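# Results of the structural survey
Chain by chain, the residues run as shown.
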Amino acid sequence: MIEPRDLKTLDKSGASGAHQLKHVAIIMDGNGRWANQRGFSRIIGHKHGVKNVRTVVKAAKSLGIEVLSLFAFSEENWGRPLLEVRSIMALIDQFIIRDRKTLDRENIRLKVIGDLTRLPLKTRALIENTVEILSKNSGMILNVAISYSGRADILNASLKLAEALKQGALSPENVTPEVFSKYLSTSDIAAPDLLIRTSGEHRISNFMIWQLAYTELYFTDVLWPDFSEQDFYAAIKDYHMRDRRFGLVKTQNPESLPL
Ligand code: IPE
Ligand code: IPE
Ligand code: MG
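Summarised in this report is the structure supplied together with it. (Residues numbered from 1 in each chain as written. Chains lettered and ligands numbered in written order. Predicted model: local features only at pLDDT ≥ 70, side-chain atom pairs only at ≥ 80, totals over all residues. Heavy atoms only, no water.)

## Topic: the nonpolar core
With 48 residues, the main nonpolar core has V24, I26, L68, L142, I196 and F232 as its most contacted residues. In this structure F232 touches V24, I26, V56, A59, A60, L63, I65, I196 and F227, once residues within four positions along its chain are discounted. (Core = buried A, V, L, I, M, F, W, Y, C linked by side-chain atoms within 4.5 Å. Buried < 20%, exposed > 50% of the residue type's maximum accessible area, 1.4 Å probe, protein only. Contact = heavy atoms within 4.5 Å.)

## Considering helix α8 (residues 229-240)
Across its 12 residues, α8 extends 17 Å between first and last C-alpha, which sits within 8% of the 16 Å expected from 1.5 Å per residue. Within α8, the full set of buried residues consists of F232, Y233, A235, I236, Y239 and H240. Looking straight down α8, one finds its buried side chains confined to an arc of 155°; they lie on one side. (Helix = DSSP H or I, 4+ residues; strand = E, 2+ residues; numbered from the N terminus. Expected span 1.5 Å × (residues − 1). Arc of directions from axis to C-beta.)

## Description of the site of ligand 2
Around ligand 2 sit I27, M28, D29, F71, A72, F73, N77, R80, R197, R203 and S205, and those are all the residues in its vicinity. Between ligand 2 and D29, the relevant distance is 3.2 Å, taken from an oxygen atom to a side-chain nitrogen or oxygen of the residue. A distance of 2.6 Å separates an oxygen atom of ligand 2 from a polar side-chain atom of S205. (Near = heavy atom within 4 Å. Polar contact = N/O pair within 3.5 Å; in protein donor to acceptor, adjacent residues only side chain to side chain.)

## Details of the sheet that holds strand β5 (residues 194-197)
Pairing within the open sheet is parallel, and its six strands lie in the order β3-β4-β2-β1-β5-β6. The sheet is open, and its two edges are formed by β3 (109-113) and β6 (216-219), each paired on a single side. Sheet twist, expressed as the average angle between the axes of neighbouring strands with direction ignored, equals 20°. Across five bridges, the pairing between strand β1 (residues 23-27) and strand β2 (residues 67-74) is parallel. By the bridge assignment, I27 is partnered in β2 with F71. Across the face of the sheet, helix α3 (residues 42-62) comes into contact with β1, β2 and β4 (141-148) while running at roughly 160° to β2. (Pairing = 2+ DSSP bridges. Axes fitted to C-alpha atoms, helices over the stretch in contact; angles between N-to-C directions.)

## Let's talk about unusual backbone geometry
The backbone of S199 sits at a positive phi, close to 80°, despite the residue not being glycine. The residue S199 is located in the loop between β5 and β6 in this model. A relative accessible area of 6% means that S199 is categorised as buried.

## Regarding the pattern of salt bridges
Applying the stated rule across the entire model yields 18 salt bridges. In this structure, E201 and R33 form a salt bridge, with 3.0 Å as the shortest nitrogen-oxygen distance. Taken together, the positions of E201 in the loop between β5 and β6 and R33 in helix α2 (residues 31-37) put the pair 168 residues apart, joining distant regions of the chain. On the accessibility criterion, E201 (19% relative accessible area) is buried. Given the relative accessible area of 32%, R33 is considered partly exposed. Two residues, D226 and R38, come together in a salt bridge whose shortest N-O distance is 3.9 Å. Placement of the pair is D226 in the loop between β6 and α8 and R38 in the loop between α2 and α3, with a sequence separation of 188 residues. D226 gets classed as partly exposed once you look at its relative accessible area, which sits at 38%. Classification of R38 by relative accessible area gives partly exposed; the value is 37%. (Salt bridge = Lys/Arg side-chain N within 4 Å of Asp/Glu carboxyl O.)

## Regarding the side chain of E201
Within the structure, E201 has its side chain in polar contact with the side chain of R33 (distance 3.0 Å). In contact with E201, not counting residues within four places along its chain, are D29, R33 and F219.

## Quick look at the packing of α3 against α8
The interhelical angle for the contact between α3 and α8, taken along N-to-C directions, is 45°, at an axis separation of 9 Å. Of the possible angle classes, the one that applies to α3 and α8 is oblique. Crossing handedness for the pair α3 and α8: right-handed. Here T55, V56, A59, A60 and S62 of α3 come into contact with α8, specifically with E229, F232 and Y233. Of the residues belonging to the contact of α3 with α8, the class tally is five nonpolar, two polar and one charged. (Parallel < 35°, antiparallel > 145°, perpendicular 65-115°, else oblique. Left-handed = near helix turned anticlockwise from the far one by under 90°. Nonpolar A, V, L, I, M, F, W, Y, C, P; charged D, E, K, R; others polar.)

So this is what it looks like as structure tokens:
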């Protein structure tokens with residue numbers, strides 16, 4: 001049994017430094033297989049997946065994590081059968097309606113990245129309204145990727161950057177990776193320190209591809225609806241055992257790098 005207090009003391013580099021775990025991102029995968037294994041429809045799997053979001057949000061908060069990013073629905077997922085897509089949208093609505101009070105009580109802020117113009121009007125309005133209501137909070141940022149594509153994120157950033165160059169607001173010699181990052185949907189949050197993907201798949205599936213450049217990757221066979229608080233702590237324990245070098249050698253201080 002891993003206790004949250006054990007995790008806070010495991011950081012090799014001490015309380016601060018490049019190893020500090022501020023941002024955890026999760027590709028919540030395996031709802032469909034979880035349901036299939038039980039003879040249920042995929043939609044029941046998504047329902048149980050949403051339940052598990054609550055568990056993991058609570059666990060992340062208990063550890064003092066600053067940003068928790070969750071990949072809920074990809075741009076490619078629009079291609080799934082209509083009934084499944086509609087059910088997922090309805091589950092997003094339900095989650096927001098049922099949980100926004102709790103999120104508020106927990107001082108959590110909500111951020112949503114992705115192409116919200118493709119969402120049903122009702123879902124979009126619920127999201128925008130909740131983001132606004134929770135924006136006064138000061139605690140953990142729950143960053144949910146919906147209708148999200150990492151490539152589209154980079155493409156949109158490039159177009160905005162091109163416009164700034166055209167307008168003369170920026171000159172090409174000043175465009176660095178750090179400047180470019182400011183045009184991405186994640187401009188206001190640091191890059192993930194740890195990415196967890198459940199369900200045994202070893203791929204990124206077009207999640208924050210720019211932002212994950214130096215993220216530690218953790219893969220587990222556990223299907224998302226079964227991914228428990230203890231599984232989450234185990235991933236974090238693993239993270240704290242790693243050496244993040246950012247291309248340097250061990251004795252150098254990666255903190256000096258502009259990440
Ligand atoms: C993840 O579970 C949730 C979404 C992509 C919306 P899946 O629905 O991909 O589950 P599997 O991978 O088919 O088991
Ligand atoms: C990635 O899972 C997207 C989400 C978890 C929302 P997918 O199930 O869509 O990814 P692939 O198809 O296995 O790459
Ligand atoms: Mg999947």
